[in-house]
Amino acid sequence: MSKASRVVIDLDVPGPTISRHLYGHFAEHLGRCIYGGFYVGEDSDLPNEGGIRLDVVEALKALNIPNLRWPGGCFADEYHWKDGIGPKAERPSMINTHWGNVEENNHFGTHEFMALCELLGADPYINGNVGSGTVQEMSEWVEYLTRDGDSPMVRQRKANGRDEPWKVPFWGVGNETWGCGGNMRAEAYADLARRYATFCRDHGDNKLYRIAAGASDDDLNWTEALMKAISCLGCGRDPKNIFQAISFHYYTVAGTWANKGRATEFDLDDYYRTMIKAQDIERVIRGHSAVMDAYDPERKVGLVLDEWGTWWDVEPGTNPGFLFQQNAMRDALVASLHFDVFHRHADRLVMANIAQTVNVLQAMLLTDDDGGLVLTPTYHVFEMNKGHHEATAVPVHLVEQPEPYELDGKTMDLLSASASVKDGKALISVSNLDPGSSADVVLDLRGAEIRNPAGRLLTASKPQSYNTTTDTAVAPVTLTGLEADPRGLRVTLPPHSFATISLDV
């Protein structure tokens, strides 16, 4: 038998709080995410409330979904919110030039989105239009949604059937302004971000958390330009409270953008390239954090990863502009690996939004028009990790582990883990990323008495396994073989698997 890996977990050494918002979601007007996913219309035969598909809502509520980002994405910077309010029959249509060049009737707009968030119990995260919009347009959207009393926007909201203002904490100041959001230079956008954020005002007790549109991947120059716009290097002053966070985007693409590879048909080298790319998110977060630390050593400005996930070639026979892809066990392991990294950086990383929630990219759910609904392997990782929401991260040290795998001059760790403590319970997440060999793991648990350990396991016959409406190949089961060890607990994880172990402390 090969030597067991050893993971030291210091249960009595508190770290940062893991914000529930690290488990956020993203819903763009793209493909069948909104229309045909979240929204089927009030005349649909499928159970719905105001056109919102209720089985989708119930499935997502089981994840304790903390926030939902909308309406984009690239779509946000061609979306004009006033076209999506008022009687549906009077709303003008528009062309979605980014995603399939399809016509949209604007039947899902501001009121429908807010109704969706209320059904989900999720905080709204609205992304404003900087690319083709105006400062006044975004300022009035904030007023329409969040102001009480009397004003032109309040009167318009009330005329459209909503007397009380909503709570809308999160506001994105544009999206990917280095690309589809305007092809801007970092310094030019930084000035715009200051301007737009200034006119997005707090109304009443609704306090805005303004998120400046940040970098692609590891473009640290972009992050520095935004930090320079609100702070100075080594000056010892707090950053100006103009925007409260900076975003960045990071997608896991194993191939090239022109040939990304298939979601369910891939070989071992493709698998390893995927995991190597996914693990690199740690380097990227460290880089952005280091730049921000230089301008904000007290970490008062948040880092937000509001688009992340796998991106594969679309499924054959589907619209290339709809970005519909299947979701395999490999995708679930990309998610579990990301969350371990997020937990380690929870002192700076305050929010993350997987792209996207329904029918697009690394989705939680896949739906069809006949009422079919699929819980993807990635969905189960979110559900199994719920116990980390608002928990205290504790240090995890992989002191003995398998030799890293090497491919194309890059290395990949074959084991990943994180842990947290909350309300007298600990939750340990551990992934065996080796696609061909099981992993014997000793959890060296320190600083607390261990009681009532129990585990759950997510795996499949192969990394390519996925779920359909007629076959569930990937779903959680009870983790067997969890045994006491002089150091704590011992467990054997099958190949390509993810497990959570809960215990009283």
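Residues numbered from 1 in each chain as written. Predicted model: local features only at pLDDT ≥ 70, side-chain atom pairs only at ≥ 80, totals over all residues. Heavy atoms only, no water.

An unreviewed UniProt entry lists the chain under the name non-reducing end alpha-L-arabinofuranosidase, with Kribbella steppae given as the organism. Recorded in UniProt under Sequence similarities (unreviewed entry), the annotation for the chain is "Belongs to the glycosyl hydrolase 51 family." For the record of the chain, the UniProt heading Catalytic activity (unreviewed entry) holds the text "Hydrolysis of terminal non-reducing alpha-L-arabinofuranoside residues in alpha-L-arabinosides." (UniProt positions renumbered as here; feature names shortened; annotations may be inferred.)

**So, the sheet that holds strand β22 (residues 439-446)**
Note: strands within a sheet are paired through backbone hydrogen bonds, in either parallel or antiparallel orientation. Across the sheet, which stays open at both edges, the five strands sit in the order β17-β1-β22-β26-β25 with mixed pairing between neighbours. Taken across any chain shown, the strands that pair with only one partner, and hence form the sheet edges, are β17 (396-400) and β25 (483-485). Averaged over all adjacent pairs, the angle separating strand axes in this sheet is 30°, with direction ignored. Inspection of the sheet shows strand β1 (residues 5-10) paired to β22 by six bridges, in the parallel sense. For Ile 9, the partnering residue across the bridge sits in β22 and is Leu 445. (Pairing = 2+ DSSP bridges. Helix = DSSP H or I, 4+ residues; strand = E, 2+ residues; numbered from the N terminus. Axes fitted to C-alpha atoms, helices over the stretch in contact; angles between N-to-C directions.)

**A short note on the layout of surface pockets**
Computed from the structure, the largest pocket encloses a volume of approximately 540 Å³. Lining the largest pocket are 26 residues, and of these Glu 282, Arg 286, Val 341, Arg 344 and Asp 413 sit closest to its centre. Of all the elements in the fold, those that place two or more residues in the lining of the largest pocket are α8 (281-295), α9 (329-344), β17, β19 (410-412) and β20 (415-422). A per-element tally of the lining of the largest pocket places β20 first, with five residues. If you count residues domain by domain, the lining of the largest pocket takes at least three from each of domain 1 (5-10 + 394-504) and domain 2 (18-390). (1 Å grid on protein atoms, 1.4 Å probe; cavity = no way out; pocket = protein on both sides within 12 Å on 5 of 7 lines; lining within 4 Å. Points joined across faces, edges and corners; volume = space filled by probe spheres on them. Domains from an automatic or database assignment.)

**As for the side chain of Arg 69**
Tracing the chain through its elements places Arg 69 in strand β5 (residues 67-70). Judged by relative accessible area, Arg 69 falls into the buried class, the value being 1%. One polar contact links Arg 69 to Asn 127, side chain to side chain, over a distance of 2.9 Å. Side-chain polar atoms of Arg 69 contact the side chain of Asn 175, separated by 2.8 Å. In this view, Arg 69 contacts His 25, Phe 26, Ala 27, Tyr 125, Asn 127, Asn 175, His 249, Asp 306, Glu 307 and Asn 353; residues no more than four positions away in its chain are not counted. (Buried < 20%, exposed > 50% of the residue type's maximum accessible area, 1.4 Å probe, protein only. Polar contact = N/O pair within 3.5 Å; in protein donor to acceptor, adjacent residues only side chain to side chain. Contact = heavy atoms within 4.5 Å.)

**Here's the deal with the sheet that holds strand β24 (residues 477-478)**
Spatial strand order, β16-β20-β21-β27-β23-β24: six strands in an open sheet with antiparallel pairing. Strands with a single pairing partner mark the edges of an open sheet, and in this sheet they are β16 (392-393) and β24. Strand direction decides the pairing type here: β16 and β20, joined by two bridges, are antiparallel. Across the sheet, residue Thr 392 finds its bridge partner in β20, namely Val 421. On the sheet, α9 packs against β16, β20, β21 (425-432), β23 (451-458) and β27 (497-504) and is oriented at approximately 55° with respect to β20. In this fold helix α10 (residues 377-384) packs onto β21, β23 and β27, with an angle of close to 165° to the strand it touches most, β23.

**Overview of unusual backbone geometry**
Omega for the bond connecting Trp 70 with Pro 71 falls within 30 degrees of zero, at 5°, which places this linkage in the cis form. Tracing the backbone shows Pro 71 in the loop between β5 and β6 (94-96). A cis amide bond links Gly 72 with the next residue in sequence, Gly 73, at an omega value of 10°. Inspection of the secondary structure puts Gly 73 in the loop between β5 and β6. One non-glycine residue, Asp 217, adopts positive backbone phi at about 50°. For Asp 217, the position within the fold is in the loop between β10 (209-216) and α6 (220-228).

**Comments concerning the pattern of salt bridges**
Throughout the structure, instances matching the rule amount to 37 salt bridges. Taking the shortest distance from any N to any O, the salt bridge between Arg 20 and Glu 390 comes out at 3.6 Å. With Arg 20 in the loop between β1 and β2 (24-26) and Glu 390 in the loop between α10 and β16, the pair connects residues that are 370 residues apart, well separated along the chain. Classification of Arg 20 by relative accessible area gives partly exposed; the value is 32%. Under the relative-accessibility criterion, Glu 390 is labelled partly exposed at 37%. (Salt bridge = Lys/Arg side-chain N within 4 Å of Asp/Glu carboxyl O.)

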